[in-house]
Amino acid sequence: MESNEEPEAIAPPPDALPPPPPEIPPNVVPVQLTTDTVPEETKKISKPKRSPITRRGVGSRGQKIQLVTNHFKVSISNTSGHFFHYSVSLYYEDGRPVDAKGIGRRLIDKVHETYGSDLAGKDFAYDGEKSLFTIGALPRNKMEFTVLLDSFSSNRNSGNGSPVGNGSPNETDKKRIRWALQSKTFKVEMSFAAKIPMQAIAAALRGQESENSQEALRVLDIILRQHAAKQGCLLVRQSFFHNNPKNYVDLGGGVLGCRGFHSSFRALQGGLSLNMDGSTTTIIQPGPLIDFLIANQNVSNPFQIDWAKAKRTMKNLRIKVSPTNQEYRITGISENSCKEQLFSLKSRAAGGNDVESFDITVYDYFVNHRSIDLRYSGDLPCINVGKPKRPTYIPVELCSLLSLQRYTKALTVLQRSQLVEKSRQKPQEKIRILADVMKSNNYAAEPMLSSCGITISSQFTQVQGRVLPAPKLKAGNGEDVIPRNGRWNFNHKKFFEPCKIENWAVVNFSARCDVRGLVRDLIRLGEMKGILISDPMDVLEENAQLRRAPPLVRVDKMFEQIQTAFPDAPPRFLVCLLPDRKNSDIYGPWKRKNLAEYGIFNQCLAPTRVNDQYILNVLLKINAKLGGLNSLLAMEQSRNIPFVSKVPTIIFGMDVSHGSPGQSDIPSIAAVVSSRNWPLLSRYRASVRSQSPKVEMVDSLFKQTADKKDDSGIVRELLLDYYKSSGQTKPAQIIIFRDGVSESQFNQVLNIELDQIIEACKFLDESWSPKFTVIVAQKNHHTKFFQDGSPDNVPPGTVIDNAVCHPQSYDFYMCAHAGMIGTTRPTHYHVLLDEIGFSADDLQELIHSLSYVYQRCTTAISLVAPVRYAHLAATQISHFLKFDDMSETSSSHGGLTSAGTSTCA
C-alpha cells in the first residue's frame, strides 16, 4: 500500500558534500576545498577576525534623573511588506546620459504624474540620483519612459559669443532659444535591483542587524529627504535647509550660516525612533553677484575686485539674469571688459532675406539693442554662462545669485567662530524649535510613510539617566580639591607638581601691552602656585618696520634676534605675545619653528585683556607643557582605580585630523597620545605622523624598517616611553580610546589598527600578550538630552545607557562636563572590545574620571583627556602644514613627531 506522506528526510553526515546544482553536468564531481587547496590570495580575503562585543549589562551607580531626548517614537504596522529597489538611468533624447544636477527629481515627478496608471499607482521614494524605492513591485522589472519637461534651459543657448536675450540673433540662436523655451525630451529607465523586507526593521530592533535592515532604514531616510525636497529645501546628506532669510546669519566674506534640521531613523532599545536635531551649513550670500564678490574679497567697490580670484570663486555658481529671469550656471569670465569684448551678431537686412554679420561689443548690444542701462559693468569682465568654445556673455550687474547654494571652501578663523557662536541654542530654545518643526513637517501627509503604516510621534522620548559623583582631586601639599558642577579652582592652593622656569625669554610681535608688567605678574602669580620663575634672560621686541611683512618673514627675523641674544644655545622656554586674538597668521609658522625645528617649549598669549585669572589660566598650560602636574585624581594617588591602579596599564588616545573642505591635497595628521608614569593617569605624551589625505585609519602604528630589523611606528615609541617612565614596567593592559570614526569603520579599528598595535607589542617581545579594551568616542552625532521641565543643561556626570542606546551593542552616552553655553552635546562611547573585563559601572566611572585629568583647564571636559590631547596634537601639526612644502609632508615623508617627552598641553 502506497503512503501519501513524503518520506522522512535523512540528514547527511556532517562532512558530506551538498548535492551538485542541476546545471553542473553529471560527469563533474565537486571538489571539497581544504585549507591546503585554497589559493593564497583567497586566504587573505576572510571575514573580520574581530567584531564589536555585545552589551554585558548596564550601570546602576549614581543618582537617577528623568530626562527627555530629541528622539521621536515611530510605530510601523506594515512589517510584512517589502521595499523594491530600482536603479534609475536618465538620458537625453539622443541617448547621452544626463549629467545636469538637480533635474532627476523633476524627471521622476513627471514620470509619476504622466504614467501613474502604468505604475499601478505606486508612490516613489527617490534619492535624487540612481536609486528609487517603491512599496510592492512595479508591473515589470524593467520599465522605460519618455517624458517632456517644459521650460527646461539647456544652458547652451545663444552660442558664438552672443549674449542671451531678444535682440536680433541668427537662425541658430533662434533655434536654441526656441529649444530653451519649449519642451525637452528625456528618457527614464527603471531596472529592478533588490527586494528589501520591512521585517528587517523589526529584526534590527532585536539587535539582529543586517544589510537589509540598514537598507530599510535608508529607504525611510530617503522618504524624509524627498518630503523636504518637495518643500524646496537644500539637502545636505541627512540635513535639510529651508529658503527662509530668518534662518540666515551673516558670517562675513559673502558667506551665510544657514540653520536647518537633521533627521534620521534609528533602531534603538526603546524601538524605532526618528532623531531630529538642529543642523547648520554655509551658503553663498544670495542677491546681486557684484555684492557677493565685494564682500568675499573685502573691497569697497567693483573696480578693486581681483577677477582671477573671482573666477575661481564663481565657477559653477547658479545665477538668475535680469530682465528675463532665466537661470544659468557660471562657467567663467570674459578676457576683456564688457565695452571691449566682441562677438559676432547676425541679423536679417530690413526688407530682404539676406543675413548680414557684424562684430559688436557686449556693452553696445545690451545698451543699444536691448535698451538696458548699464551703470558700471562697462569696464568690468562679463560673466560667461556658455561653453569655453561657445561662450555666452552677460554683464555682471544683470546677474543675481540664487539662494541656497552651498559654500564648500574652508572658513576663516573668524567665520568659523561666528558660525559656532550664532548656531548656539539654549536647551529650552532648542526644544521649542524642534517641537515646532515636528508639527510643521506634517509627516502624516507623506503618502510613502502612510503606505508603510508609519506614524511618528511629536512628543520627545523620555529616558532615565544617572548622575555620577565628581571624583575628588589633589592639589599641592596633598590638599583636596572638590569639583562642584564640573568646575574647581586653585584659590589658596598650589599646583600638585609645579615646574621650575629658568633660561626663558619673551618675544613681542608688536602686541600693545605692558610687557614688563606682564612678566612681573607672571612671576608673582607663578610663585603663588608653587612655580619658581626666574627673571627672563631677554625681552625681544619686533622691529616696527616688519609689522606688515609676511608671517614667515616676521618669524624668521624674530629667530635671528633670538640667535643673536642666545648665541650658544636657544632658550628652553619662550613666551610669545601675539598682536591678534583669534586670527593671528603668525601662530602657525611660529609654532612650527619652535617645536619642529628647534624643540623649544613656548606659550602664545594675545594679551588684550590681561588680569590675574587670565595669567593663572596661562600658568596651567605652561606648568603642564614643562612637565609639571596641576592636579590629579585622588584615586590615582591612593591607587584605588579598579582594574587600572593595581595592574600596569597604559591608556592610548587616538585621532586623525584632515584638511578643511576644499583642501583635499593636504596630508591627514594622525596623533596618538599615551599615559606615562604609571600608576598615574594624568600625564601623557604625544606622537604624531602625517599620512595620505583623507585617510582615517592610522597607518603608522607599526612600521617595520626596510631590513625588517626595527620598528619606526608610533606605538613602539610610546611603549618605550611608558617602560622608561614607569619603573621598567611593561603594561599588562592597554586601553585604547579612538576618536572620529563612524559605525561603519568599527571593524577596521578592531582588525587594522588593533592588529598593528599587537604587532608592535610582539615585535618588542614575542611572548608579551597584554589585554586590550577598545572604546570609540563620538561627538559627531545628533542625540541631545534635556532636563524635563528645567531650563538648565543636564548636570555634569550624566550617563545614559538605556532606551536610546543600541539594542545589542555596548554603547552609552555621557555628559561629563557642565554645558555653560548652548545645549550640552554628550559623548557617545562604543565599547568594541573588553578583554580586561570592566563592569559597566567601573568603566563608566573610569571614563568620567578621565574627563577630570585634562591639565589645561579647571573644568571637566566633554570627553576623555587622552582623546582631547590627541586632537590637540593633530590640530597643532595641521597648523604647521599650512606653511610647509607639500612635497615634504606627504605620507612618504618621515612624519613629524612632537618635541620632547613632556605632558601634552
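Residues numbered from 1 in each chain as written. Predicted model: local features only at pLDDT ≥ 70, side-chain atom pairs only at ≥ 80, totals over all residues. Heavy atoms only, no water.

As named in an unreviewed UniProt entry, the protein is Piwi domain-containing protein, taken from Salix viminalis. Among the UniProt annotations of the protein, the heading Sequence similarities (unreviewed entry) holds the following wording: "Belongs to the argonaute family. Ago subfamily." (UniProt positions renumbered as here; feature names shortened; annotations may be inferred.)

Moving on to the pattern of salt bridges. One pass over the full model with this rule turns up 37 salt bridges. For Lys 110, the salt bridge identified is with Glu 113, shortest N-O distance 3.8 Å. Of this pair, Lys 110 and Glu 113 are both found in helix 2 (residues 104–114), 3 residues apart, which corresponds to roughly one turn of the helix. Residues Glu 560 and Lys 557 are paired through a salt bridge, measuring 3.9 Å at the closest nitrogen-oxygen approach. On the criterion of helical spacing, the pair formed by Glu 560 and Lys 557 is a turn pair, its members being 3 residues apart in helix 13 (residues 551–565). For Glu 560, a relative accessible area of 43% gives the class partly exposed. On the accessibility criterion, Lys 557 (37% relative accessible area) is partly exposed. One network of salt bridges, in which partners are shared, links Arg 61, Arg 466, Asp 801, Asp 841, Asp 842 and Glu 845. (Salt bridge = Lys/Arg side-chain N within 4 Å of Asp/Glu carboxyl O. Helix = DSSP H or I, 4+ residues; strand = E, 2+ residues; numbered from the N terminus. Buried < 20%, exposed > 50% of the residue type's maximum accessible area, 1.4 Å probe, protein only.)

Looking now at the state of the cysteines. In this structure the tally under the stated criterion is 0 disulfides. Cys 338 takes part in no disulfide bond, and the closest cysteine sulfur, belonging to Cys 382, lies 3.9 Å away. (Disulfide = S-S within 2.5 Å.)

Here we take up the packing of aromatic side chains. If you walk through the whole model with that rule in mind, you get 20 aromatic pairs. Between Phe 84 and Phe 192 the ring centres are 6.0 Å apart and the planes differ by 50°, which places this aromatic pair in the tilted class. Here Phe 84, found in strand 2 (residues 82–92), pairs with Phe 192, found in strand 6 (residues 184–197); they are 108 residues apart in sequence, far enough to count as distant. Among the residues examined, Phe 192 registers a relative accessible area of 34% and is labelled partly exposed. With centroids separated by 5.5 Å and ring planes inclined at 80°, the aromatic side chains of Phe 343 and Tyr 365 adopt a geometry described as edge-to-face. (Phe/Tyr/Trp six-rings, centres within 6.5 Å; stacked < 30°, edge-to-face > 60°.)

It is worth spelling out the nonpolar core at this point. Ranked by size, the top nonpolar core spans 77 residues in total, and within it Ile 501, Trp 504, Phe 737, Tyr 829, Ile 847 and Leu 850 carry the most contacts. With 8 residues, the single largest contributor to this core is helix 20 (residues 865–881). Filtering out sequence-adjacent residues up to four positions away, Trp 504 remains in contact with Val 519, Leu 522, Ile 533, Ser 534, Asp 535, Pro 536, Met 537, Asp 538, Pro 571, Phe 573 and Val 575. Tyr 328, Cys 382, Val 385 and Val 396 belong to the second-largest nonpolar core, a separate cluster that totals 43 residues. (Core = buried A, V, L, I, M, F, W, Y, C linked by side-chain atoms within 4.5 Å. Contact = heavy atoms within 4.5 Å.)

Turning next to the packing of helix 6 (residues 289–297) against helix 7 (residues 307–314). For the pair helix 6 and helix 7, the least separation of the axes is 11 Å and the interaxial angle reads 115°. Taken together, the axes of helix 6 and helix 7 lie roughly perpendicular to each other. Note that helix 6 runs across helix 7; the crossing there is right-handed. For the pair helix 6 and helix 7, the contacting residues are Leu 289, Ile 290, Phe 292, Leu 293, Asn 296 and Gln 297 in the first and Trp 307, Lys 309, Ala 310, Thr 313 and Met 314 in the second. Within the contact of helix 6 with helix 7, the residues separate by chemical class into 7 nonpolar, 3 polar and 1 charged. (Axes fitted to C-alpha atoms, helices over the stretch in contact; angles between N-to-C directions. Parallel < 35°, antiparallel > 145°, perpendicular 65-115°, else oblique. Left-handed = near helix turned anticlockwise from the far one by under 90°. Nonpolar A, V, L, I, M, F, W, Y, C, P; charged D, E, K, R; others polar.)

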